[in-house]
Amino acid sequence: DGQAEADGGWITSLRLVTPRRGEIDARLSLTPQGARIVIATPIDASAADLRNAAPLLEKSMATAGVPLLALQVKHDNQQ
């Protein structure tokens, strides 16, 4: 479930288990200024693939009119 932020934004969390990438946890924060995304995975190769796909994600979001303000991909217990 998403929740509204005081500044008119929205936050949601999502957990996926995929055959190829394994477990992926994502936290999305959307404000009128744009989106911030934090993705965590225990699989190093999945983290690398997600980092490598960041430019395409940023471009796709910009095309949709939603600037990507920040993207962080964590592997295991990274902060």
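Just above sits the structure.
Here's what I pulled together on the structure shown here. (Residues numbered from 1 in each chain as written. Predicted model: local features only at pLDDT ≥ 70, side-chain atom pairs only at ≥ 80, totals over all residues. Heavy atoms only, no water.)

## What to know about the environment of Gln33
Then, number 1: Along the chain, Gln33 turns up in the loop between β3 (22-31) and β4 (34-41).
Then, number 2: For the pair Gln33 and Leu68, spaced 35 residues apart in the sequence, the C-alpha separation amounts to 9.0 Å.
Then, number 3: If we ignore the near neighbours within four places in the chain, the residues touching Gln33 are Pro67 and Leu69. (Helix = DSSP H or I, 4+ residues; strand = E, 2+ residues; numbered from the N terminus. Contact = heavy atoms within 4.5 Å.)

## With respect to the nonpolar core
Then, number 1: Formed by Ile24, Ala26, Ala35, Ile37, Ile39, Met61 and Leu68, the largest nonpolar core amounts to seven residues.
Then, number 2: Those elements that provide at least two residues to this core are β3 and β4.
Then, number 3: Those residues in contact with Ala26 that lie beyond four places of it in its chain are Thr12, Ser13, Leu14, Val38 and Ile39. (Core = buried A, V, L, I, M, F, W, Y, C linked by side-chain atoms within 4.5 Å. Buried < 20%, exposed > 50% of the residue type's maximum accessible area, 1.4 Å probe, protein only.)

## Some details on the side chain of His75
Then, number 1: Examined against the element boundaries, His75 turns out to sit in strand β5 (residues 68-75).
Then, number 2: A distance of 3.2 Å separates the side chain of His75 from the backbone nitrogen of Asp44, its partner in a polar contact.
Then, number 3: When residues no more than four places from it in sequence are discounted, the contact partners of His75 are Thr41, Pro42, Ile43, Asp44, Ala47 and Arg51. (Polar contact = N/O pair within 3.5 Å; in protein donor to acceptor, adjacent residues only side chain to side chain.)

## Thoughts on the pattern of salt bridges
Then, number 1: Applying the stated criterion to the full structure yields three salt bridges.
Then, number 2: Between Arg15 and Asp25 there is a salt bridge, with its nearest N and O atoms 2.5 Å apart. Highlighted residues: Arg15 in strand β2 (residues 10-18) and Asp25 in strand β3, separated in sequence by ten residues.
Then, number 3: In this structure Arg15 comes out as exposed when scored by relative accessible area, which is 58%.
Then, number 4: The class of Asp25 is partly exposed, set by a relative accessible area of 24%.
Then, number 5: The closest approach of N and O atoms between Arg21 and Asp49, which form a salt bridge, is 2.6 Å. (Salt bridge = Lys/Arg side-chain N within 4 Å of Asp/Glu carboxyl O.)

As far as function goes, none of this settles anything; it's purely spatial.
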